[in-house]
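Tertiary structure, described
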Amino acid sequence: MSKISIIMPVYNVEKYVAKTIESVLAQTFKDFEFFAIDDGSLDNSGKICDEYAKKDSRLKVIHKKNGGAPEARNVAIEKANGKYMYFIDSDDWIEPEMLEIMYNLAEENNADLVVTGFKMEYYNKKNGYVTYENKIKDIVYDERQFKSSAYNYLNNSILSLPWNKLYLADRIKNENIRFPNTKWDDHHFNMEYLMNIGTVVMSSITMYHWYRSRKGSETMINYSDPKMFSKRKEHYMHIKKLYEHWNMENDEKSRDAICSYYVGRLFQCIQELTDNKSIKYKDKRKKIQEILNDEETKYALKYSNTLSNKFKILIFPMKINNIELCFAFGKIISTIRRIFPDLFIKLKEKEVHSV
């Protein structure tokens, strides 16, 4: 039985996966098994994994038909036998001491979960890769303390991501927690894991390198999915479900933070809609009206009391239910993003990635 089971879905990442594998195999913590699940890659990703597996028996490669990252992770969960589970993406990398620090924190505190900060890497022509650090404070929470403080970690993605966490494997297996086949599957996985959470250790280390954009793709991904609103609502409702399970749905601080979080994502939906060239203007208006008329939107707008002053300005058209003004504000942000991507990224990270 290994102490940690590392799980990495792999799909068409031949330019990056070698660095990811090397960063895992170079860990100062040695007692792990490492699953690389080749999810039907059409390039040489699977072959690259096989070559590394020949050199290190800890790496186990599973080749399967394409089914998406959630399915790939779930396949490995069934085979994993470590005390803890750690998930990594196949186009990022980790610093050598990351797993050792996380494992020691888990053992010393008998923790259900260890959570760290991370580094985000953006590429621009002028400066090459620019790093934004998402750092959190060193804190050990018992169950009650964590539930009362969890809202602090919503807006900066700390709770939603899978690869900044070390999970207790028995909880995942015994409670049958799996990655669902939906957008932002990692968020939903984490919400389910947090339902019956015990001790949580927050660590200030930032040893995970998350590539938000690379050379040749210098702006952030544009999530111009016409169904984005329904997915965001699903995302938000799972958070509400978690707090209902905790009997904390009426906690004022948590409620206001959750609503503010959701409203910020709703503005993003509107901004992406205005920028989507495949949707006609009249249909964009209908979709914006759908967002504004939704009862959960109205509820969130009512209690979004922890928004920054900048965001309060941006969502003002939503509060007064003005479609034209919503559209105009969305276009302004889309234009800034397109013409001044570096400025957009800087403002965005300053806004949401600070704890």
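In this text, all values refer to a predicted model and were calculated from it rather than measured experimentally.

1. So, the sheet that holds strand 6 (residues 113–116)
Reading across from one edge, 3-2-1-4-10-6-11-9 is the order of the eight strands in this open sheet, with mixed pairing throughout. Looking at strand neighbours, the two that pair on one side only are strand 3 (59–64) and strand 9 (139–141), the edges of this open sheet. Geometrically, the sheet is characterised by an average inter-axis angle of 20 degrees between neighbouring strands, direction not taken into account. Both strand 9 and strand 11 (residues 200–203) contribute to a ladder of three bridges, which runs antiparallel. Of the residues in strand 11, the one forming a bridge with I139 is M202.

2. Overview of the sheet that holds strand 7 (residues 118–124)
As summarised here, the arrangement of the four strands in space is 5-12-7-8, forming an open sheet in which the pairing is mixed. Where the open sheet ends on each side, the last strands, each with one partner, are strand 5 (93–94) and strand 8 (128–134). Of the strand pairs in this sheet, strand 5 and strand 12 (residues 208–211) are connected by two bridges, and their pairing is antiparallel. Bridging from a neighbouring strand, I94 pairs with Y208 of strand 12.

3. Observations regarding the packing of aromatic side chains
Geometry of an aromatic ring pair is reported as the spacing of the ring centres plus the angle between the planes. Across all of its chains, the model carries 23 aromatic pairs by this definition. Aromatic pair Y167 and F189: ring centres 5.4 Å apart, planes at 80 degrees, arrangement edge-to-face. One end of the pair, Y167, is in strand 10 (residues 165–168); the other, F189, is in helix 7 (residues 185–194), with 22 residues separating them in the sequence. Summarising the burial analysis for this pair, Y167 and F189 share the class buried. Chaining the aromatic ring pairs together yields one cluster made of F87, Y167, F179, F189 and Y193. Here R171 stacks its cationic end above the ring of Y193, 4.2 Å away from the centre of that ring.

4. Let's talk about the side chain of T116
Summarising the element assignment, T116 is placed in strand 6. On the accessibility criterion, T116 (0% relative accessible area) is buried. Excluding anything up to four places from it in sequence, T116 contacts M98, M102, I136, I158, N164, S203 and I205.

5. Thoughts on helix 3 (residues 69–79)
Turning to helix 3, its buried residues number three or more, namely P70, A72, R73, N74, A76 and I77. The secondary structure elements touched by the buried residues of helix 3 are strand 1 (4–10), strand 2 (32–39), strand 3, strand 4 (84–87), helix 6 (169–174) and helix 7.

6. Some remarks on the pairing of strand 11
Side chains V200 and M202 of strand 11 all project onto a buried face; the interleaved residues V201 and S203 project onto the opposite face, where all are buried too. Sheet analysis places strand 6 next to strand 11, joined by four bridges and oriented parallel. Counterpart to V115 in the pairing with strand 11 is M202.

7. Quick look at the packing of helix 7 against helix 8 (residues 228–245)
Packing of helix 7 against helix 8 leaves a shortest axis separation of 10 Å and a crossing angle of 5 degrees. It follows that helix 7 is roughly parallel to helix 8 by the angle criterion. Between helix 7, through H187, H188, M191, E192 and L194, and helix 8, the contact on the second element is made entirely by E234, H235, H238, I239, K241 and L242. A per-class count over the contact of helix 7 with helix 8 returns four nonpolar, four polar and three charged.

8. Quick word on the pairing of strand 3
Two elements, strand 2 and strand 3, share six bridges in a ladder whose sense is parallel. Along strand 3, the bridge assignment pairs I37 with I62. Assessed by its sense of winding, the connection that carries the chain from strand 2 through helix 2 (residues 45–55) to strand 3 is right-handed.

9. Here we look at the pattern of salt bridges
Evaluated as defined, the whole model comprises 20 salt bridges. Put simply, E33 and K60 hold a salt bridge, and the shortest N to O gap is 3.0 Å. Of the two residues, E33 sits in strand 2 while K60 sits in strand 3, which places them 27 residues apart along the sequence. Measuring nitrogen to oxygen at the nearest pair gives 2.8 Å for the salt bridge that ties E107 to K83. Remark: K83 occurs in the loop between helix 3 and strand 4 and E107 occurs in helix 4 (residues 98–109); sequence separation between them is 24 residues. Through salt bridges that share partners, D39, K64 and E71 make up one connected network.

10. So, the environment of I94
Here I94 lies in strand 5. Measuring from C-alpha to C-alpha, the distance between I94 and I339 comes to 32 Å, with 245 residues separating the pair along the chain.

11. Thoughts on the environment of K119
The residue K119 is located in strand 7 in this model. In this structure the C-alpha to C-alpha distance between K119 and Y261, which are 142 residues apart in sequence, comes to 21 Å. With residues up to four places along the chain from it excluded, the contact list for K119 reads E95, T131, Y132, E133, T206, M207, Y208, H209 and W210. Side-chain polar atoms of K119 contact the backbone oxygen of T206, separated by 2.3 Å.

12. A few points about unusual backbone geometry
The phi dihedral of N12 is positive, around 50 degrees, even though this residue is not glycine. Looking at the secondary structure, you find N12 in the loop between strand 1 and helix 1 (17–25). Judged by its relative accessible area of 32%, N12 falls in the partly exposed class.

Procedures and definitions
- Residue positions are given per chain, counting from 1 as you read along its sequence in written order.
- Local features are withheld for residues below a pLDDT of 70 in this predicted model, meaning they are given only at 70 or higher, and side-chain atom pairs are given and counted only at 80 or more; totals for whole chains, interfaces and linings count all residues.
- Here the side-chain values reflect all heavy atoms present in the structure, with hydrogen atoms and water set aside.
- Pairing between strands requires that DSSP locate at least two bridges from one strand to the other.
- By definition, any uninterrupted DSSP run of H or I lasting at least four residues is a helix, any uninterrupted run of E lasting at least two residues is a strand, and each is numbered from the N terminus.
- Every axis in this analysis is a line fitted to C-alpha atoms, fitted for helices over the stretch in contact. Angles between the N-to-C directions lie between 0 and 180 degrees.
- Each aromatic pair joins two rings of Phe, Tyr and Trp (for Trp, the six-membered one) with centres within 6.5 Å, and gets the label stacked for planes under 30 degrees apart, edge-to-face for over 60, and tilted for any other angle.
- Think of it in three bands: residues with accessible area under 20% of the maximum for their type are buried, residues over 50% are exposed, and the middle band is partly exposed, with areas taken using a 1.4 Å probe on protein chains only.
- Look at NZ for Lys and CZ for Arg. If either is within 6 Å of the ring centre and within 35 degrees of the ring normal, a charge sits over the ring.
- Contacts are assigned to residue pairs that have any heavy atoms within 4.5 Å of one another.
- The scheme is simple: roughly parallel for angles under 35 degrees, roughly antiparallel for over 145, roughly perpendicular for 65 to 115, oblique for anything else.
- By the convention adopted, Pro, Cys, Tyr, Trp, Phe, Met, Ile, Leu, Val and Ala count as nonpolar, Lys, Arg, Asp and Glu as charged, and the other residues, Gly among them, as polar.
- Seen with the strands pointing away from the viewer, any crossover whose path from the first strand over the helix to the second strand runs clockwise is right-handed.
- What makes a salt bridge here is a side-chain nitrogen of Lys or Arg within 4 Å of a carboxyl oxygen of Asp or Glu, nothing more.
- Counting of polar contacts relies on pairs of N or O atoms within 3.5 Å, with two restrictions inside protein: one atom must be capable of donating a hydrogen and the other of accepting it, and residues adjacent in sequence are counted only when both atoms are side-chain atoms.

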